[in-house]
Amino acid sequence: MTAATTDVPVRQASLRTHNLGLVLRQVAASAEPISRADVAAATGLTKATVSTLVDELLGGGLLVEVDPPPRTGSGRPAIGLRLAAKGPAGLGVEITVDAIATCVVDLTGAVRVALRQVADQREREPGAVLADAAALAADALATARSEGVEPAGLAVAVPGLVSDGVVRLAPNLGWREVNVAAAFTDGGLPGPPSVENGASLAALGELQAIGDGGASFLYINGEADIGAGVVLNGHLHRGSRGYAGELGHVTIRPDGPRCRCGARGCLQTYASLDVILAAAGLDGAPLARLAALARAGAHPALMALDEAGTALGVAAADAVNLLDVETVVLGGGYALLAPWLIGPLEREIADRVTAHQWAPVTARASTHGESATVMGAANSIVRAIHAAPATYLRPT
Ligand SMILES: [Zn+2]
């Protein structure tokens, strides 16, 4: 590992930039307001250097000072530092087959604005969907500004394969080669927008929510399509070309049913939400109805969920054998169905993961419910600010 990727001081031209990030992240990592002296002790920087950097972050609107707690004993209590709730923030947008959502997350991780429009997007022109999404984002931006919060970047989550701001393929939306980034460059939105797979952003949101910077998990997002985000040692694994996480097209049976991707027997054909509902005799019904029937012990509902959980477990076990993650997180619609999916999923993992005896793997529902992806999108901007605060300092 090189110095550039670790939270330690470096002595290069980028010294100031790097150390600004070091100080900001130290403040962010502290549950309580932290003094300049404590930042110096924790980072290994001198007190004088920390004071200079803190002054820059205060002036740039990324940190605020708070009054010290009353302290007994000798010495003057030190002024504490905290992330600025009114500093630069992240703006997230999510497009799914049945909704458009947007939210603003401030530098402290608090959700400041959240808007959602529920409507079937499948029969619509991509341009019309994107125009609605951009308008909703502009509404969220205006509300945030009225509260003194200034989104400094925009991330858009879409359910499909994405590269260079273009959705290459989103089977359930029926999109192919749709330039999503271009739709968000007008209207005063912060830019340039980043466009990413929804499951990847949901995984980033989960990483933020659990507050464990070194966690490793497989985040399985149950929507119309199955997506996954792979987080290894606190970093989202996007793959060499950005297409990692297509768990929905991992093979369960090579001679199984034909998948929309053209192959046979993909996980998608055994465990997508549509397939589970159909197997339970609930075609097109809301997931809450399936959950209610399962809770009441209805046999078809329990059977459908057991079959889906088994298929998810078979696919997840392959991923765990390859990647050695410690947790499988069920997100999206799967979060609601987790009480019935976890049993068969963990059973398959226990049977199929060779290291399970020494390194047990647990499954659980995601921390955020249906808002996980849009919050993950906004949080990806907040993470970028934490990573390189020098770029986001307000001019003084
Ligand atoms: Zn497939």
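From a predicted model like this one, the values you see are computed outputs, not experimental measurements. Sequence order as written defines the numbering, with residues in each chain counted from 1. Local features in a predicted model are, by the rule used here, given only for residues with pLDDT of at least 70; side-chain atom pairs are given and counted only at 80 or more, and totals for whole chains, interfaces and linings are based on all residues. The side-chain values count all of the structure's non-hydrogen atoms but skip hydrogen atoms and water molecules.

Caption draft 1: Structural view of the overall build of the chain. Along the chain, the regular secondary structure elements total 11 helices and 16 strands. Here the C-alpha radius of gyration of the chain, 23 Å, is about what a compact globule of 396 residues would show, namely 21 Å. Remark: exposure states derive from per-residue accessible area (1.4 Å probe, protein chains only) relative to the maximum for the residue type, with buried under 20%, exposed over 50%, and partly exposed in between. By residue count, 49% of the 396 residues in the chain fall in the buried class. In this tally, Lys and Arg are treated as positive and Asp and Glu as negative; His is ignored, and so are the chain termini. Each charge is placed at NZ for Lys, CZ for Arg, CG for Asp and CD for Glu. Distance from the positive charge centre (29 side chains) to the negative charge centre (38 side chains) of the chain: 5 Å. Helix and strand definitions follow DSSP, with helices as H or I runs of at least four residues and strands as E runs of at least two, each counted in order from the N terminus. The size measure is the radius of gyration over C-alpha atoms, and the globule rule it meets is 2.2 Å times the number of residues to the 0.38 power.

Caption draft 2: Spotlight on the coordination of the zinc ion. Protein coordination at the zinc ion comes from H249 (ND1), C259 (SG), C261 (SG) and C266 (SG), with a distance range of 2.0 to 2.4 Å. Coordination geometry of the zinc ion: the 4 donor atoms subtend angles of 105 to 121° at the metal centre, consistent with an arrangement described as tetrahedral. Among the residues examined, H249 registers a relative accessible area of 28% and is labelled partly exposed. Listed donors are limited to N, O and S atoms within 2.8 Å of the metal, widened to 3.2 Å for Na, K and Ca; water is not among them, so incomplete-looking sites are possible. Under the classification used here, a metal with four donors is tetrahedral if each angle lies between 85 and 135 degrees, square planar if opposite donors are over 155 degrees apart and the others between 65 and 115, a six-donor metal meeting that same test is octahedral, and anything else is irregular.

Caption draft 3: Structural context of the side chain of D106. Its place among the elements puts D106 in the loop between β5 (99-105) and β6 (111-118). Contacts described as polar in this section are N or O atom pairs within 3.5 Å, which, within protein, must combine one atom able to donate a hydrogen with one able to accept it, while residues neighboring in sequence count only if both atoms come from side chains. For D106, the side chain forms a polar contact with the side chain of T108, separated by 2.6 Å. Excluding residues within four positions of it along the chain, D106 makes contact with A85, A89, R112 and V382. Contacts are assigned to residue pairs with any non-hydrogen atoms lying within 4.5 Å of each other.

Caption draft 4: Spotlight on the pattern of salt bridges. Any carboxyl oxygen of Asp or Glu within 4 Å of a side-chain nitrogen of Lys or Arg constitutes a salt bridge here. Following the criterion strictly, the structure yields 17 salt bridges and no others. One salt bridge connects R238 with E196, and the closest N-O pair in it is separated by 2.5 Å. In this pair, R238 sits in the loop between β14 (235-236) and α6 (268-271) while E196 sits in strand β11 (residues 194-197), placing the two residues 42 residues apart along the sequence. The partner of R260 in a salt bridge is D225, and the shortest N-O contact between them spans 3.0 Å. Remark: D225 occurs in the loop between β12 (217-222) and β13 (226-232) and R260 occurs in the loop between β14 and α6; sequence separation between them is 35 residues. Judged by its relative accessible area of 54%, R260 falls in the exposed class. Its relative accessible area of 14% is what places D225 among the buried residues.

Caption draft 5: Local environment of the sheet that holds β13. With mixed pairing, 5 strands are arranged side by side in an open sheet as β14-β13-β12-β15-β16. What marks the edges here is a single partner per strand, and that holds for β14 and β16 (362-365). In this structure, β12 lies alongside strand β15 (residues 327-332), joined through 6 bridges in parallel fashion. The residue bridging I220 from the neighbouring strand is L330, located in β15. Packed onto the sheet, helix α10 (residues 333-352) meets β12, β13, β15 and β16 and runs at close to 150° relative to β15. Strands are treated as partners if at least two bridges between them are detected by DSSP. Fitting a line to C-alpha atoms yields each axis, with helices limited to the stretch in contact; the angle taken between N-to-C directions then spans 0 to 180 degrees.

Caption draft 6: Geometry of the sheet that holds strand β8 (residues 161-163). Across the sheet, 3 strands lie side by side as β8-β9-β10; this open sheet has antiparallel pairing. This sheet does not close on itself; its edge strands, each paired only once, are β8 and β10 (175-179). On average, each strand axis in the sheet is tilted by 15° relative to the strand beside it, whichever way the strands run. Inspection of the sheet shows β8 paired to strand β9 (residues 166-170) by 3 bridges, in the antiparallel sense. Opposite S163, over in β9, you have V166 as the bridge partner.

Caption draft 7: Representation of helix α1 (residues 15-29). The span you would expect from a helix comes to 1.5 Å times its residue count less one. For α1, with 15 residues, the first-to-last C-alpha span of 21 Å sits near the 21 Å given by 1.5 Å per residue. For α1, the set of buried residues is H18, N19, L20, G21, L22, V23, L24 and V27. On its buried face, α1 sits against β1 (34-35), α2 (36-43), α3 (47-59), β2 (63-66), β3 (80-83) and α11 (372-387).

Caption draft 8: Examining unusual backbone geometry more closely. Here G191 and P192 are connected by a cis peptide whose omega angle stands at -5°. Among the secondary structure elements, P192 is positioned in the loop between β10 and β11. Of note, the phi angle at N233 is positive, near 50°, even though the residue is not glycine. Judged by its relative accessible area of 56%, N233 is exposed.

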